[in-house]
Amino acid sequence: GNYLPRYFVGGYVRDKLMGKASTDIDIISLADMETVKREFDKLNIKYWQGKTLKQQQVLTFKVGDMDVDLTVAEAEDLPKDLMRRDFTVNSVAQSVTGQFYDPSNGLADIKARILRSPRNQSSKKFEEDPIRIFRAARFSAHYKLRVHPSVIKGIREHKEKLADAPASRIGKEFTQIMQIEASNKAMEFLLEHELLGYIDESLVDMVG
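What this report covers is the structure whose coordinates are included nearby. In this text the structure is predicted, and so the values were computed from the model without any measurement.

Take the overall build of the protein next. Helix and strand counts for the protein stand at 11 helices and nine strands. Against the 2.2 N^0.38 benchmark of 17 Å for 208 residues, the protein shows a C-alpha radius of gyration of 18 Å, consistent with a compact globule. Oriented by its inertia axes, the alpha-carbon framework of the protein measures out at about 60 × 30 × 30 Å. Within the span of the protein, comprising 208 residues, buried residues form 46% of the whole. Pairs at least 24 residues apart make up 62% of the contacts formed inside the protein by residues separated by at least 6 positions.

Going through the model one piece at a time under the given rule, you end up with 13 salt bridges. For Lys-42, the salt bridge identified is with Glu-39, shortest N-O distance 3.8 Å. You can see Lys-42 and its partner Glu-39 sitting in helix α2 (residues 33–42), three residues apart, about one turn around the helix. Taking relative accessible area as the criterion, Lys-42 reaches 66% and is therefore assigned exposed. In this structure, Arg-116 and Asp-109 form a salt bridge, with 3.0 Å as the shortest nitrogen-oxygen distance. Overall, Arg-116 belongs to the partly exposed group, its relative accessible area being 22%. For Asp-109, a relative accessible area of 4% corresponds to the buried category.

Its location among the elements puts Glu-127 in helix α5 (residues 122–128). Glu-127 sits in the partly exposed class, given a relative accessible area of 48%. Along the sequence, Glu-127 and Ile-155 sit 28 residues apart, while their C-alpha atoms lie 9.3 Å from each other. Discounting chain neighbours no more than four positions away, the residues touching Glu-127 are His-158 and Lys-161.

Turning next to the pairing of strand β4 (residues 56–63). Relative to strand β5 (residues 66–72), β4 runs antiparallel, the two sharing five bridges. Its bridge partner lying in β5, Thr-60 is registered against Asp-69. The antiparallel pairing of β4 with β5 creates a hairpin that spans two residues between the two strands, and Gly-64 there sits at a positive phi of about 65°.

Ranked by size, the top nonpolar core spans 46 residues in total, and within it Leu-70, Leu-115, Phe-134 and Leu-190 carry the most contacts. By residue number, the principal contributor to this core is helix α6 (residues 132–142), which donates six residues. The residues touching Leu-115, leaving out its near neighbours within four places in the chain, are Phe-87, Val-89, Ala-136, Phe-139, Ser-140, Leu-145, Arg-146, Val-147, His-148 and Val-151. One finds Tyr-7, Ala-73, Leu-78 and Ala-93 within the second-largest nonpolar core, a separate group that totals seven residues.

Turning our attention to the side chain of Thr-60. Note on placement: Thr-60 falls in strand β4. Side-chain polar atoms of Thr-60 contact the side chain of Asp-69, separated by 2.8 Å.

This part covers the packing of α6 against helix α9 (residues 183–192). Two quantities define a packed helix pair, namely the angle between the axes and the distance from one axis to the other. Viewed as axis vectors pointing N to C, α6 and α9 meet at an angle of 140°, and their least axial separation amounts to 8 Å. As summarised for this structure, α6 and α9 are arranged oblique, according to the angle between their axes. Two packed elements cross with a definite hand, and for α6 against α9 that hand is right-handed. Note on element contacts: α9 touches α6 through Lys-185, Ala-186, Phe-189 and Leu-190, opposite Phe-134, Ala-137, Ser-140 and Ala-141.

About the criteria used
- Residues numbered from 1 in each chain as written.
- Predicted model: local features only at pLDDT ≥ 70, side-chain atom pairs only at ≥ 80, totals over all residues.
- Heavy atoms only, no water.
- Helix = DSSP H or I, 4+ residues; strand = E, 2+ residues; numbered from the N terminus.
- Rg over C-alpha atoms; globule rule 2.2 N^0.38 Å.
- Buried < 20%, exposed > 50% of the residue type's maximum accessible area, 1.4 Å probe, protein only.
- Contact = heavy atoms within 4.5 Å.
- Salt bridge = Lys/Arg side-chain N within 4 Å of Asp/Glu carboxyl O.
- Pairing = 2+ DSSP bridges.
- Core = buried A, V, L, I, M, F, W, Y, C linked by side-chain atoms within 4.5 Å.
- Polar contact = N/O pair within 3.5 Å; in protein donor to acceptor, adjacent residues only side chain to side chain.
- Axes fitted to C-alpha atoms, helices over the stretch in contact; angles between N-to-C directions.
- Parallel < 35°, antiparallel > 145°, perpendicular 65-115°, else oblique.
- Left-handed = near helix turned anticlockwise from the far one by under 90°.

Here it is in structure tokens:
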């Protein structure tokens, strides 16, 4: 934090505030990637070129057993990045010195245990990527969140798009749902909103 302006973002901040353990950390640096690499070299931090995420270069390094992914952004792009995220609970950034950056009021939603999208635009978020519907089921169950009506409305409007979603992505989301402690609650959510069949029709036949 004394070297570069950096923010923890997304799941790490959410999990810390909700008392859950994170398995990975995402950081956004407001310094450019070459500056980051120079500072890491000076500090003898071992890093490697990671994946490319949404045309952004990703630098990965280890902290204990956890992978840390670092991307860069201009200062004015940080709020845009946060507001593009699926849910407000994932849209909070925290500087390495502790200050929060919260353009979508995600801190209030974390405190009130509410699941909704920035600006209540779940319909738009699910239209962009219907797989986020499965994330709604997982987050609501895992973090015991009350689902905002705008999320339910977005599910009703766009769940049929899941029929064309890649099976590999649906499988990944289903695996993550089955790995949480409250997987039964997530499955009840999927049943209530007629989503089980988009995973596999046999799941519908297994109800009861």
